[in-house]
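# Chain and residue survey
What follows is each chain in one-letter form.
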Amino acid sequence: METLRRDAAPVTHFLRRRRPLWRWQGVDDPRSARGQHPLAAVLNTVVFAFMAGARSVRMAADKAERFRSAIRKVARVCPCGRTAVGDLLPRLDPAQLRAALIRFVRGEWYRKSLRPDRLPLGVVAIDGKAVWSHRESFHPQCQDQRDKRSDKKYAGHRSWVLRVLRAALVSASSCVVIDQQVIPAATNEMGFFATFLRGLMEAYGRLGMIQAVSVDAGMVSRSNADLVRQAGLHYIFRLKSLQVELWREATRLLEPLAAATAPEAQSPWEPDARGRVRRQLWRTTEMAGW
């Protein structure tokens, strides 16, 4: 029990200090008002549980039950069952939840709790995530994964997956997710990047919170790089061998540089799935015209 109190203490302290914030204005309750937990109470319970380490709705309900005494100390939070949470969440409007998330993040920025303390400038990492997959189509924006090698769970069978683009503020030690949008079924990470970046800048562009954007190789293109620069930001794009010409030119320039000179910076040895890894940095401006 003492361990439970200790684990819940930081989350309880945070929510109690943010009581006026967690009222979820602008999020409509799709349920009948009679005999139901208040909307804010259910959503705050979910937030509490996921901040305490839950990874699913089932785990959220279990943690809410385990932390019942701690939850009661937090305004407008109640331990509610898995059925109450599971029935409510799919019926909420994603656009309203996204607006609430943006409002919460902006509030934390104004409180100076998201200032860059891991990096010298504000950096947002944008990455594609598959949030759910199933043998049957379960959402209007599901993508058909038939004959896709990346679909390991249902290899050899037709399946459907829901993908999102997610932005995390990696320059802050809390590394909070500040935006997430579903990728339409008709496009992919590369094609949806422009729309996602536009929404990100509309939400946070005037705050000075973001100075650089990093993306994985699936979104690397000259047009996307130009979009980032037009937004007044710097970009850090990961390069893989799928971009054949860029990869070949980078290899031609950087391999001799790495062989002949010491790295500008390097990380300490870190554990890795294959043993240990050390990251080293060399830079060149000779590819600026590509």
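Quick caveat, the model's predicted, so the values are computed rather than measured.

So, about the nonpolar core. Counting residues in each nonpolar core, the largest one holds 31 residues, and the members touching the most others are Ile126, Ile178, Tyr204, Met209 and Ile210. Every element with two or more residues in this core is listed here: α6 (94-110), β1 (123-134), β3 (160-169), α7 (189-204), β5 (212-215) and α8 (222-230). Residue contributions to this core peak at 8 residues, all from α7. With sequence-adjacent residues up to four places away left out, Ile126 is seen in contact with Leu165, Arg166, Ala167, Phe193, Phe196, Leu200, Val213, Ser214, Val215, Asp216 and Met219. Core analysis: the next-biggest nonpolar cluster, separate from the first, contains 18 residues, Trp24, Val47, Ala52 and Phe104 among them.

Let us now look at unusual backbone geometry. If you check the backbone angles, Lys112 has positive phi at about 65° while not being a glycine. The exposed category is assigned to Lys112, whose relative accessible area is 57%. Phi at Cys175 is positive, roughly 50°, even though this residue is not glycine. Examined against the element boundaries, Cys175 turns out to sit in the loop between β3 and β4 (177-182).

On average, the protein chain scores 85 in pLDDT, and the residues at 70 or more come to 86%. When pLDDT is averaged over each helix and strand of the protein chain, the minimum, 64, is found for helix α4 (residues 68-72) and the maximum, 97, for β5.

What follows covers the side chain of Asn224. Mapped onto the elements of the fold, Asn224 is located in helix α8. Looking at Asn224, its side chain comes within polar contact range of the main-chain oxygen of Met219, at 2.8 Å. Setting aside residues no more than four positions away along its own chain, Asn224 makes contact with Met190, Phe193, Met219 and Phe237.

For any two helices packed against each other, one specifies the crossing angle of their axes together with the interaxial distance. Helix α3 (residues 57-66) packs onto helix α2 (residues 39-51) with a crossing angle of 95° between their chain directions and a minimal axis gap of 9 Å. By the criterion of interaxial angle, the relationship of α2 to α3 is roughly perpendicular. On α3, the residues that touch Thr45, Ala49 and Phe50 of α2 are Val57, Ala60, Lys63 and Ala64. Along the lines of polarity and charge, the residues of the contact of α2 with α3 split into 5 nonpolar, 1 polar and 1 charged.

Here the focus is α7. Between its first and last C-alpha atoms α7 spans 21 Å; for 16 residues at 1.5 Å apiece the expected length is 22 Å, and the two agree. Of all the bends found along α7, the most pronounced is centred on Thr195 and spans about 25°. Residues Phe192, Phe193, Phe196, Leu197, Gly199, Leu200, Met201, Ala203 and Tyr204 constitute the buried set of α7. Next to the buried residues of α7 lie α6, β1, β3, β4, β5 and α8. For α7, the N-terminal capping position is held by Asn188, with its side-chain oxygen 3.2 Å away from the main-chain nitrogen of Met190.

Rules of the game
Along each chain, residues carry numbers from 1 onward, in the same order as the chain's sequence is written. Since the coordinates come from a predicted model, pLDDT governs what is reported: local features require at least 70, and pairs of side-chain atoms require 80 or more to be given and counted, while whole-chain, interface and lining totals use all residues. As a rule here, side-chain values cover all heavy atoms of the structure and leave hydrogens and water aside. What we call a nonpolar core is a set of buried Ala, Val, Leu, Ile, Met, Phe, Trp, Tyr and Cys residues that are connected through their side-chain atoms within 4.5 Å. With a 1.4 Å probe rolled over the protein chains alone, any residue whose accessible area is under 20% of its type maximum counts as buried; one over 50% counts as exposed, and the rest are partly exposed. By the criteria applied, helices consist of DSSP H or I runs no shorter than four residues and strands consist of E runs no shorter than two, each listed in order from the N terminus. Throughout, a residue-residue contact means that at least one pair of heavy atoms, one from each residue, lies within 4.5 Å. pLDDT is defined as a per-residue confidence score from the predictor, taking values between 0 and 100. Polar contact is defined as a pair of N or O atoms within 3.5 Å, subject to the rule that within protein one atom must be able to donate a hydrogen and the other to accept it, and that residues adjacent in sequence are counted only when both atoms are side-chain atoms. For helices, the fitted line uses only the C-alpha atoms of the stretch in contact; every axis is such a line through C-alpha atoms, and the angle between N-to-C directions lies from 0 to 180 degrees. Note that the term roughly parallel is reserved for angles under 35 degrees, roughly antiparallel for angles over 145, roughly perpendicular for angles of 65 to 115, and oblique for everything else. The classification used treats Ala, Val, Leu, Ile, Met, Phe, Trp, Tyr, Cys and Pro as nonpolar, Asp, Glu, Lys and Arg as charged, and all other residues, Gly among them, as polar. By definition here, a helix of n residues has an expected span of 1.5 Å times n minus one. By definition, a residue's bend is the angle between the axes fitted to the seven residues ending there and the seven starting there.

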